[in-house]
Amino acid sequence: MNTLRELIFEEDGAAAAEYALILAIIGSAIAVAAVLLGTNIGVAITDAAECVANPSAANC
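Everything quoted here is computed from the prediction, not taken from an experiment.

**Overview of the overall build of the chain**
Then, in step 1: Along the chain, the regular secondary structure elements total 2 helices and 0 strands.
Then, in step 2: Out of the 60 residues in the chain, the part that is buried amounts to 0%.
Then, in step 3: Roughly 5,200 Å² of accessible area belongs to the chain as shown, and the carbon and sulfur atoms make up 70% of that amount.

Have a look at this one:
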């Protein structure tokens, strides 16, 4: 019975779960930032390619 009581009140597992949750949140934020940044880089490269192909375009 003592061992069961120790397992119930042990907080080491809770700390590991909290670290896993923090890691998941940070990982999600990095993934979203990478997608948004990738989209913006793609648009910038497309704009640059259009300026190289047509230097008299309005946005060059």
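**Considering the state of the cysteines**
Then, in step 1: Counted by the stated rule, this structure contains 1 disulfide.
Then, in step 2: Each sulfur in the disulfide pair Cys51 and Cys60 lies 2.1 Å from the other. Around the S-S axis, the bridge from Cys51 to Cys60 shows a dihedral of about -105 degrees and counts as left-handed.

**Here's the deal with a nonpolar patch on the surface**
Then, in step 1: Together, Tyr19, Ile22, Ile26 and Ile30 line one region of the surface with nonpolar side chains, adding up to about 450 Å² of accessible area.
Then, in step 2: Counting through the fold element by element, Ile30 comes out in helix H2 (residues 12-53).

Cut-offs used in this document
Residues numbered from 1 in each chain as written. Predicted model: local features only at pLDDT ≥ 70, side-chain atom pairs only at ≥ 80, totals over all residues. Heavy atoms only, no water. Helix = DSSP H or I, 4+ residues; strand = E, 2+ residues; numbered from the N terminus. Buried < 20%, exposed > 50% of the residue type's maximum accessible area, 1.4 Å probe, protein only. Areas by Shrake-Rupley, 256 points an atom, 1.4 Å probe, with all protein chains shown as cover. Disulfide = S-S within 2.5 Å. Patch = residues over 30% accessible without salt bridge, like charges linked within 9 Å, V, L, I, M, F, W, Y side chains within 5 Å. Salt bridge = Lys/Arg side-chain N within 4 Å of Asp/Glu carboxyl O.

This is a description of form; function is not addressed.
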